[in-house]
Amino acid sequence: MPEKPEEIPTITVSLDDLKPSAIGSQSFAARVDLGGLSGLADLHLLGGPTGRPITVNSHVCASIAEYAGSPGSPRFMGAAKMSVLNVVPGDNDVFTRVFIDWPEALTAAVDFIVIND
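Everything in this summary refers to the structure shown in the same document. Values in this document were obtained by computation on a predicted structure and should not be read as measured data. (Residues numbered from 1 in each chain as written. Predicted model: local features only at pLDDT ≥ 70, side-chain atom pairs only at ≥ 80, totals over all residues. Heavy atoms only, no water.)

**Focus on the overall build of the protein**
And then number 1: Per the secondary structure count, the protein includes 0 helices and 9 strands.
And then number 2: The order of α-helices and β-strands along the protein, N terminus first, is β-β-β-β-β-β-β-β-β.
And then number 3: By the compact-globule yardstick of 13 Å for 117 residues, the protein fits well, its C-alpha radius of gyration being 14 Å.
And then number 4: The buried share of the protein, taken over its 117 residues, is 36%. (Helix = DSSP H or I, 4+ residues; strand = E, 2+ residues; numbered from the N terminus. Rg over C-alpha atoms; globule rule 2.2 N^0.38 Å. Buried < 20%, exposed > 50% of the residue type's maximum accessible area, 1.4 Å probe, protein only.)

Below, the structure is given as structure tokens:
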């Protein structure tokens, strides 16, 4: 497998640092605020001792949107193109690559839904 180019930053976030919302007994949703970002970035969402499993067999969906102001503010569709390029569940983590096509850093958030039920 080719190595990841050095210029793509990786943002690592633990579920323990988020407030996941239960969807079922083993499924949940969580939001990761990326802060100011432009271009490509890899997001590494770590599971943790919160009782929220992520496995290679989990079904994981992700979306990205811009927000203004502080984290948790309403998201909106601005002029920038934003994409979730890859979503790869692993053993107790999810790797996601996102792209924000804008010359300046924009505040954005990625929403995850992890389904295990």
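**Let's talk about the pairing of strand β8 (residues 93–101)**
And then number 1: With 8 bridges connecting them, strand β4 (residues 39–46) and β8 associate as antiparallel partners. Residue pairing for β8: G39 is matched across the bridge by I100.
And then number 2: Pairing of strand β7 (residues 81–89) with β8, which is carried by 8 bridges, proceeds in the antiparallel orientation. Bridge pairing in β8 places S83 opposite F99.
And then number 3: Two successive antiparallel strands, β7 and β8, enclose a turn made up of 3 residues, where N92 displays a positive phi of approximately 75 degrees. (Pairing = 2+ DSSP bridges.)

**Examining the side chain of H44**
And then number 1: Residue placement: H44 occurs in strand β4.
And then number 2: The exposure class of H44 is buried, given its relative accessible area of 14%.
And then number 3: Among the polar contacts listed, one links the side chain of H44 to the side chain of D93, at a separation of 2.9 Å. (Polar contact = N/O pair within 3.5 Å; in protein donor to acceptor, adjacent residues only side chain to side chain.)

**Focus on the pattern of salt bridges**
And then number 1: Counted under the stated rule, the structure contains 4 salt bridges.
And then number 2: Between R31 and D111 there is a salt bridge; the shortest N-O distance is 2.6 Å. Of this pair, R31 sits in strand β3 (residues 28–37) while D111 sits in strand β9 (residues 106–115), and the two are 80 residues apart along the sequence.
And then number 3: Residue classification places D111 among the buried positions, given a relative accessible area of 17%.
And then number 4: Among the ionic pairs, D111 bridges to R75, the shortest N-O distance being 3.3 Å. Of this pair, D111 sits in strand β9 while R75 sits in strand β6 (residues 75–76); the two residues are 36 residues apart in sequence, bridging distant segments of the chain.
And then number 5: Look at the salt bridges and you will find they share partners, linking R31, R75 and D111 into a network. (Salt bridge = Lys/Arg side-chain N within 4 Å of Asp/Glu carboxyl O.)

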